[in-house]
Amino acid sequence: MLHLSMRRQLLLAGVVSCSLLLGACKRSAAPVFHGNDITGAQFAQDFRLTDPDGKERTLADFRGKAVAVFFGYTQCPDVCPTALSRAVEVKRLLGPDAGRFQVVFVTVDPERDTPVVLKAYMAAFDPGFIALYGSPQRIADTATSYRVMYRKVPTASSYSMDHTSSTFVYDPDGNLRLQLRHAMSASDFADDIRTLLHS
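My aim in this report is to walk through the structure given alongside it, one point at a time. (Residues numbered from 1 in each chain as written. Predicted model: local features only at pLDDT ≥ 70, side-chain atom pairs only at ≥ 80, totals over all residues. Heavy atoms only, no water.)

1. Digging into the sheet that holds strand 6 (residues 130-132)
Step number 1: With respect to topology, six strands assemble into an open sheet ordered 1-10-9-4-5-6, the strand pairing being mixed. Edge strands, defined here as strands with exactly one partner in the open sheet, are strand 1 (36-37) and strand 6.
Step number 2: Where strand 4 (residues 66-72) and strand 5 (residues 101-107) come together, seven bridges link them in parallel fashion. Of the residues in strand 5, the one forming a bridge with F71 is V106.
Step number 3: Contacts from helix 2 (residues 79-93) reach strand 4, strand 5 and strand 9 (167-170) within the one sheet, and its direction differs from that of strand 5 by about 170°. (Pairing = 2+ DSSP bridges. Helix = DSSP H or I, 4+ residues; strand = E, 2+ residues; numbered from the N terminus. Contact = heavy atoms within 4.5 Å. Axes fitted to C-alpha atoms, helices over the stretch in contact; angles between N-to-C directions.)

This is the structure in structure tokens:
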């Protein structure tokens, strides 16, 4: 009888242990994203640039929010307005979480993108979006730290800018988590932001 009781106790202990292990596995399962998960990457750790009001900004200013950083310029004919329009839609899709989503636009054309121009450009999409600028050297150093490429391309009357079109996304703790393709849909983008906000 004692032998049978001990067997039952051991069996019960085994079931409890398995349940605990399964629960732990479920809790520690990595979130699944539509974008490229670059958690732990050692680049794009921070920036130190100026907003149109003359205030120096870093990632720490946006702690508590999911932050999407995009490099571009205001005279961009297609990629930049498309990316920013998508960000507007992402914010709409986030619904009650919209206030915890911050878009940061870093100009790669500081020669033409003055503070006045940048502020008006952001307002045309969403007044909550923030544009940042710096000296040509500061912009170059920031782009290098993000592994972003850009170059001036002469045109008949002026110039345009070729540049990387990816969006870099940080979680509310300021950790780099995702690199999103320009072709990603607003719906998938919003899903990834929502996952970061609630994971």
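2. A word on the environment of D126
Step number 1: Locating D126 in the fold gives a position in the loop between helix 3 (115-123) and strand 6.
Step number 2: Measuring from C-alpha to C-alpha, the distance between D126 and L84 comes to 8.8 Å, with 42 residues separating the pair along the chain.
Step number 3: A polar contact is formed between the side chain of D126 and the backbone nitrogen of G128, at a distance of 2.6 Å. (Polar contact = N/O pair within 3.5 Å; in protein donor to acceptor, adjacent residues only side chain to side chain.)

3. Looking at the packing of aromatic side chains
Step number 1: Under the criterion given, the structure shown has seven aromatic pairs.
Step number 2: With a centroid separation of 6.5 Å and an interplanar angle of 85°, the aromatic rings of F43 and F168 are classed as edge-to-face. Residue F43 is found in the loop between strand 1 and strand 2 (49-50), and its partner F168 is found in strand 9; the two are separated by 125 residues along the sequence.
Step number 3: Ring centres of F105 and Y121 lie 5.7 Å apart, and the angle between their planes is 55°; on these two criteria the pair is classed as tilted. In this pair, F105 is assigned in strand 5 and Y121 in helix 3, connecting sequence segments 16 residues apart.
Step number 4: For F105, a relative accessible area of 0% corresponds to the buried category.
Step number 5: By the ring-pair criterion, three or more aromatic residues cluster together here, those being F43, F71, Y146 and F168.
Step number 6: Here the guanidinium or amino end of R112 rests over the ring plane of Y159, the centre of that ring lying 3.7 Å away. (Phe/Tyr/Trp six-rings, centres within 6.5 Å; stacked < 30°, edge-to-face > 60°. Buried < 20%, exposed > 50% of the residue type's maximum accessible area, 1.4 Å probe, protein only. Lys NZ or Arg CZ within 6 Å of the ring centre and 35° of its normal.)

4. Quick word on the pattern of salt bridges
Step number 1: Applying the stated rule across the entire model yields 10 salt bridges.
Step number 2: For E56, the salt bridge is made with R48, and the minimal N-O distance between the two is 3.0 Å.
Step number 3: Assessed through its relative accessible area of 43%, E56 is described here as partly exposed.
Step number 4: Residue class for R48 comes out partly exposed when judged on its relative accessible area of 44%.
Step number 5: Two residues, R112 and D109, come together in a salt bridge whose shortest N-O distance is 2.6 Å. Across the pair, D109 and R112 agree in class, each one buried. (Salt bridge = Lys/Arg side-chain N within 4 Å of Asp/Glu carboxyl O.)

5. Points about the side chain of R86
Step number 1: With respect to the helices, strands and loops of the structure, R86 is situated in helix 2.
Step number 2: Among buried Asp, Glu, Lys and Arg side chains, R86 stands out as unpaired, with D188 the closest opposite charge at 9.0 Å.
Step number 3: A polar contact is formed between the side chain of R86 and the backbone oxygen of R181, at a distance of 3.0 Å.
Step number 4: Those residues in contact with R86, other than ones at most four positions away along the chain, are T167, R181, H182, A183, M184, S185, A186 and F189. (Lys, Arg positive; Asp, Glu negative; His and termini not counted.)

6. Here's the deal with the packing of helix 2 against helix 5 (residues 186-198)
Step number 1: Remark: helix 2 packs on helix 5, axes separated minimally by 9 Å, with the N-to-C direction vectors making an angle of 55°. Looking at the two axes, helix 2 sits oblique to helix 5. Taken as a pair, helix 2 and helix 5 cross one another with a handedness that is right-handed. Between helix 2 and helix 5, the contacting residues are R86, E89, V90 and L93 on the first element and A186, S187, F189, A190, I193 and R194 on the second. (Parallel < 35°, antiparallel > 145°, perpendicular 65-115°, else oblique. Left-handed = near helix turned anticlockwise from the far one by under 90°.)

7. Description of helix 3
Step number 1: Listed in full, the buried residues belonging to helix 3 are L118, Y121 and M122. End-on, the buried residues of helix 3 take up no more than an arc of 95°, which puts them together on one face.
Step number 2: Packing partners of the buried residues in helix 3 comprise helix 2, strand 5 and strand 6. (Arc of directions from axis to C-beta.)

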